[in-house]
Amino acid sequence: MPAPHLYLVDGSSYIFRAFHRLPPLTNKHGLNVGAVYGYTTMLWKLADSLNKADGPTHLAVILDASESTHRNELFDQYKANRPPPPPELVPQFPLIRDATRAFSIPCLEEKGLEADDIIACYVMAAKAAGWQVTIVSSDKDLMQLVEDGKVDMLDTMNDRRIGVPEVFDKFGVGPDQVGEVLALMGDSVDNVPGVPGIGPKTASKLIQEYGTVEAVLAAAPEMKPSKMRDNLIAHADMARLSHQLVRLVCDAALPAPLEDLSIKGIPEAPLREFLEHHGFRSLLARLGAQAQAAAPAPARSALPEPSPEPAIDRSLYETVADEAALARWIDAIQARGLVAIDTETDGRDCVSARLVGISLATDPNKACYIPLEHGGDDMFAERPPQLDAALVLERLKPLLEDEAILKIGHNLKYDWVVFARRGITLAPYDDTLVMSFNLDAGGLNSHALDDLAKKHLDHECISFKSLCGTGQKQITFDRVPVERATEYAAEDADVALRLWHRFRPRLAFEKVTRVYELVDRPMVSVIGGMEQSGVRIDRAVLSELSAAFNTQIADLEARIHAEADGPFTIGSPQQLGEILFGRMGLSGGRKGKSGTWSTDQNELERLEREGVPIARLVLEWRQLTKLKSTYTDALQEQVNKTTGRVHTSYSLSGAQTGRLASTDPNLMNIPIRTEIGRRIRDAFIADPGFVMMAADYSQIELRLAAHMCDVPELKAAFAAGEDIHNRTAQELFGAVDRDTRARAKTINFAILYGISRWGLAQRLETTPEEAQSIIDRYFERFPGIRAYIGETLTHARESGFTTTLFGRKTHFPRLRSNVQHERQGAERAAINAPIQGTAADIIKRAMARMGPALAAEGLGEVRMLMQVHDELVFEVPENDVDRARDVVRRVMESAAEPAVKLSVPLGVEVGVGPNWGAAH
DNA sequence: TGCATCACG
DNA sequence: GACGTACGTGATGCAC
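What you see is a predicted model, and the numbers here were worked out from it, not measured in a lab.

In this section: the overall build of chain A. What chain A contains, in helices and strands, is 37 helices and 23 strands. For a compact globule of 920 residues, the expected C-alpha radius of gyration is about 29 Å, and chain A comes in at 32 Å, within 12% of that figure. Along the first, second and third principal axes, the C-alpha atoms of chain A reach 110 × 80 × 60 Å. In chain A, which comprises 920 residues, the proportion classed as buried is 52%. Relative to all contacts within chain A whose residues are 6 or more apart in sequence, the contacts with residues 24 or more apart total 68%. For chain A, the exposed area adds up to about 41,000 Å²; of that, 50% sits on carbon and sulfur atoms.

This brings us to the sheet that holds strand 22 (residues 871-877). If you trace the 4 strands from one edge of the open sheet to the other, you get 21-22-18-23, paired in antiparallel fashion. Looking at which strands have only one partner, the edges of the open sheet turn out to be strand 21 (863-867) and strand 23 (907-913). Averaged over all pairs of adjacent strands, the angle between their axes in this sheet comes to 25°, without regard to strand direction. Of the strand pairs in this sheet, strand 21 and strand 22 are connected by 4 bridges, and their pairing is antiparallel. Looking at the pairing, Met866 lines up with Val873 of strand 22.

In the vicinity of DNA strand B lie 19 residues, with Thr599, Lys626, Ile672, Arg673 and Asp870 positioned nearest. Sugar and phosphate atoms constitute 76% of the interface atoms of DNA strand B, taking the interface as everything within 4 Å of the protein. Here a base nitrogen of DNA strand B sits 3.1 Å away from a polar atom, N or O, in the side chain of Asn669. Ile672 places a main-chain nitrogen or oxygen 2.6 Å from a phosphate oxygen of DNA strand B. Taken together, the residues of the surface near DNA strand B sort by class into 6 nonpolar, 6 polar and 7 charged.

It is worth spelling out the sheet that holds strand 17 (residues 684-685) at this point. Read across the sheet, 3 strands follow the order 14-13-17 without closing on themselves; strand pairing throughout is antiparallel. The strands lining the two open edges of the sheet, one partner per strand, are strand 14 (645-646) and strand 17.

Below, the discussion takes up the confidence of the model for chain A. Scored by pLDDT, chain A has a mean of 90; 96% of the residues are at 70 or more. Of the regions scoring below 50 in pLDDT, residues 289-300 engages in 12 contacts with residues more than four places distant in sequence or in other chains.

Now for the environment of Leu497. Inspection of the secondary structure assignment puts Leu497 in helix 21 (residues 482-509). Taking the C-alpha atoms as reference, Leu497 lies 25 Å from Glu373; in sequence the two are 124 residues apart. Those residues in contact with Leu497 that lie beyond four places of it in its chain are Leu338, Ala340, Ala361, Thr362, Asp363, Pro364 and Ile408.

With that out of the way, let us pick up the packing of aromatic side chains. Aromatic rings considered in pairs are described by the distance between their centres and by the relative angle of their planes. Enumeration according to the criterion identifies 11 aromatic pairs in this entry. When the centroid spacing of 6.2 Å and the interplanar angle of 70° are considered together, the rings of Phe274 and Phe280 count as edge-to-face. Taken as a pair, Phe274 and Phe280 share a single burial class, namely buried. Consider the rings of Tyr778 and Phe782, whose centres lie 4.9 Å apart with planes at 75°: the pair is edge-to-face. Residue placement shows Arg681 over the ring face of Trp916; its charged tip is 4.1 Å from the ring centre.

A few words now on the UniProt feature "domain: DNA-directed DNA polymerase family A palm" (unreviewed entry) in chain A. Taken from the UniProt record, the annotation "domain: DNA-directed DNA polymerase family A palm" (unreviewed entry) applies to residues 677-880. With 59% helix and 14% strand, residues 677-880 has its two end C-alpha atoms placed 30 Å apart.

In terms of burial, helix 7 (residues 175-185) is a largely internal element, 9 of the 11 residues being buried. For helix 7, the full list of buried residues reads Pro175, Val178, Gly179, Glu180, Val181, Leu182, Ala183, Leu184 and Met185. Elements in contact with the buried residues of helix 7: helix 6 (164-171), helix 8 (200-210), helix 9 (213-219), helix 10 (227-234) and helix 11 (236-246). Looking one or two residues beyond helix 7, the residue adopting positive phi is Gly186, at roughly 70°.

All right, on to the protein's contact with DNA strand C then. For DNA strand C, the set of nearby residues contains 31 residues, the closest of which are Ser572, Asp664, Asn666, Ala750 and Arg828. For DNA strand C, the backbone makes up 68% of the atoms found within 4 Å of the protein, where backbone means sugar plus phosphate. With respect to DNA strand C, the backbone of Asp664 contributes an N or O atom lying 2.9 Å from a phosphate oxygen. Gln762 places a side-chain nitrogen or oxygen 3.2 Å from a phosphate oxygen of DNA strand C. Every element with two or more residues in the surface near DNA strand C is listed here: helix 25 (573-583), helix 27 (613-637), strand 16 (661-663), helix 32 (738-752), helix 33 (757-764) and helix 36 (820-856). Broken down by element, the surface near DNA strand C gets its largest block of residues, 5 residues, from helix 36.

Assigned domains within chain A: domain 1 (5-164 + 249-260), domain 2 (314-533), domain 3 (536-639) and domain 4 (700-835). Summarising the inter-unit geometry, the C-alpha centres of domain 1 and domain 4 are found 52 Å apart.

Time to look at empty space enclosed by the protein. Per the stated rule, a full pass over the model turns up 1 cavity of 30 Å³ or more. For the largest cavity, the calculated volume is near 30 Å³. Grouping the amino acids of the lining of the largest cavity by side-chain chemistry returns 3 nonpolar, 1 polar and 2 charged.

So, on to the nonpolar core. Counting 191 residues, the largest nonpolar core has Phe684, Tyr697 and Ile842 as the members making the most contacts within it. Per element, the largest residue contribution to this core is 14 residues, and it comes from helix 36. If we skip the residues at most four places from it in the chain, Phe684 touches Val535, Arg536, Ile537, Leu635, Leu667, Ile670, Met692, Met866, Asn915 and Trp916. Residues Ile62, Met143, Ala203 and Leu206 belong to the second largest nonpolar core, which totals 58 residues.

Rules and cut-offs
Within every chain, residues take consecutive numbers counted from 1 along the sequence as written. Labels are handed out in written order, letters beginning with A for the chains and numbers beginning with 1 for the ligands. Local features are withheld for residues below a pLDDT of 70 in this predicted model, meaning they are given only at 70 or higher, and side-chain atom pairs are given and counted only at 80 or more; totals for whole chains, interfaces and linings count all residues. Side-chain descriptors were evaluated using all non-hydrogen atoms of the structure, hydrogens and water having been removed beforehand. Every helix listed is a DSSP run of H or I at least four residues long, and every strand listed is a run of E at least two residues long, numbered separately from the N terminus. The globule rule used for comparison is 2.2 Å times the number of residues to the exponent 0.38, while the radius of gyration itself is calculated over C-alpha atoms. Relative accessible area decides the class of each residue, using a 1.4 Å probe on protein chains only: under 20% of the type maximum gives buried, over 50% gives exposed, and in between gives partly exposed. By definition, residues are in contact when any of their heavy atoms lie within 4.5 Å. Every accessible area reported is derived by Shrake-Rupley at a probe size of 1.4 Å, with residue values counting cover from the shown protein chains alone. One bridge is not enough; two strands pair if DSSP finds at least two bridges between them. Lines fitted to C-alpha atoms define the axes, with helix axes restricted to the stretch in contact, and inter-axis angles between N-to-C directions lie between 0 and 180 degrees. Put simply, a residue is near a molecule or strand once any heavy atom of it comes within 4 Å of that molecule or strand. Pairing of N or O atoms within 3.5 Å defines a polar contact, subject to two protein rules: one partner must be a possible hydrogen donor and the other a possible acceptor, and residues neighboring in sequence count only if both atoms are side-chain atoms. All residues other than Ala, Val, Leu, Ile, Met, Phe, Trp, Tyr, Cys, Pro, Asp, Glu, Lys and Arg, Gly among them, are scored as polar; the first ten of these are nonpolar and the last four charged. A residue's pLDDT is the confidence the predictor assigns to it, expressed on a 0 to 100 scale. Stacked, tilted and edge-to-face pairs are distinguished by plane angle, under 30 degrees for stacked and over 60 for edge-to-face with tilted covering the rest, among Phe, Tyr and Trp rings (Trp via its six-membered ring) whose centres lie within 6.5 Å. A ring is considered to have a charge above it if a Lys NZ or an Arg CZ atom is located within 6 Å of its centre and within 35 degrees of its normal. UniProt positions are given in the numbering used here, feature names are shortened, and annotations may be inferred rather than shown by experiment. What counts as a domain boundary in this text is fixed by an automatic or database domain assignment. The way it works is a 1 Å grid over only the protein atoms, where trapped points that fit a 1.4 Å probe form a cavity and open points with protein on both sides within 12 Å along at least five of seven lines form a pocket, and then any residue with an atom within 4 Å of a point lines it. Grid points are joined across faces, edges and corners, and a volume is the space filled by probe spheres set on the points. Nonpolar core, defined: a set of buried Ala, Val, Leu, Ile, Met, Phe, Trp, Tyr and Cys residues in which side-chain atoms within 4.5 Å join the residues together.

In structure tokens:
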């Protein structure tokens, strides 16, 4: 019986090589699978050699589990130069695991260890057991492990075996000295510094002569004077650091014992399913599947109908209430490699709600509910049988954090926070809400799970209302009987999973993978973190403001009633209109549907100019009551009792353009434009020892308009740091003064919002004819703007959607409306969406990078708290202010790169203070 | 629940 | 001939 032969496949490096070597290939679902195909053929070759001489008896694929390893602790710049993987490659990573699983080959990874290290550990263990080892890779770092007659390498792309002689050819030294050479020469891709001026040739020569890095360094002072000698002396530390970086870890615990890697044969069924799914017909044919392979390839222009799946059958759902069942589910999830998940809580607010139960799904109709906190009070005679919440979370934690298991959820940000509060960091994940939004923003009224189930699955979900009721009689989920809770909760997980199967191929097919992967998906955890952080509120500031407003409001009320000759409800536009335009006989216009008088700000300001004193008083009354009810009173009630902070909820799918929306409370409309309102911002304070830092993009939408419309004059003005409205005034009116600048500013905004002569006329207080002539002049001076509007509308009418620079789509079905004003409204929105949306994409990119960038500078204490469209607010330790300011500015200013190259600079203004008001 | 109003970018 | 509007949001109070 010959000794076992272990093949270790360096999966991570392989996929990159396959990607770059093979032409782009799209499967029948429209997904890019070139690299997956290359990878699959490589596994195929290995599987073919299974029972042959020198073929594998044991086989495993090794992957990189995490970005950060001990090498980053040694050297924070390690791999820092590495460009992000190409966007077409990113969605293929999970498919690598699918492919490996299809071959029934073990797939190994370990947090904190690179694939190279895991391979080294297995090589050591296998050698100790007297096994033969082949490393399937051509990575030069791994050449350190080659050993005559025991360990070799195999490059399947050219069928080349690498043994000791080949290593000598390449490095001029044996495998035991490869590490020494690597340390001196460095590696620009991994950003291993090495010694400047020393490349592979010199490194090899030096090691041949002296044997080790240390010996070379020791001998350096005696060498003949040269640049090389100086560099060796000056960069001795870097050489030693590099030596550590290239050294492989070979004594870590094995993720799975050697014997588990035994492979007797490849079961056909899962492999066939995988090959069919991706339409790898030549491989299918080799599998002896002529019938399936002969089927004509579906046209690339249409996404095929989703494969049939069983209708939803709630009777198949399981309630998990004992440890054996839980263990069974955990095993099933591990075998499947993915799980759809949904948490049930007793409230809407994920920061304070109690976790009541968890539902899981792995396949259609294969779903369960794990009740955790049902019953337990007098509603039930006794608490229904259920597992201990802490125990369940302890068991689920490794799985929820397992890099190899994809977590799928709908509005996963909620669940992300629920788990984060319990020390569990959900990753990796996909969010079907975000996917739906990236696919259909603007085209769908709702991306709610039950609406999507109806639309895509033709299935009516159990409504939350039917379980818990509404209004006064509404009950919390923990009081729902477990049987009904299981049907409801498991259904949600089942539906999310089914939606995911439909959405995932669509993302690539409809070309929104980039915005999903690069912009929106990262927001789930980033914003989850912000919501969890919350922002500290000084209630005293608010209550003092409330009290002050109160007396002023009472005073105004008395004066208004005196002016009106009697009391009435000032807050009622109906009554106010009657007083102003009826009893007091002032002139004014009717308004639409309800036939009531308009009493809005415009109307009251007009009256004020005509010398009607009550108008001014009502305006002031309105301002103060607004500030009091919406802000100073309401905000105090929103302070979380446990954390003492306000935790807003950001919606990722709230604004059709890709902007965020903030609710409960809305922190995006805290006053700033008036002095009195601005004082509310003083109540947003930093923890002791911290300060608030606010960073704003300056004129980002105008800058993007200058770039996207290609307006040389505006681009030059931004590049030179000029005041953009002054520049516009100069171009339009030939003179810059207060008046022309104000008019220019209005026009600039009119452009962003989709211009109309009437709208502009109203804002400029002039005639539509005059407004039209200004618009004409604007287009004449900046012809790029007119071209942009024309092209955007033409494209939007044809395709039904607009696109941002990052590929975000917004659909505008009303562009085809028969109602003129609906159509015109849609046109204006379509002109605005690419600009507003690109700005939203850019700040989201900044947010996604901010955490890692801060951490890399040792600024892990800095908290990102709020986003207000073009502004980010942070809570920063006092001592870190200067360094934090630099990082924040750098990340925000470079946020578009490298995915998008802008022809205008992005300006960022940063302010610091004890509270948000002072940080501006 | 719909409408009017007004807070923000 | 009426539209009576710049784009994108959310919260509040009134009237029904």
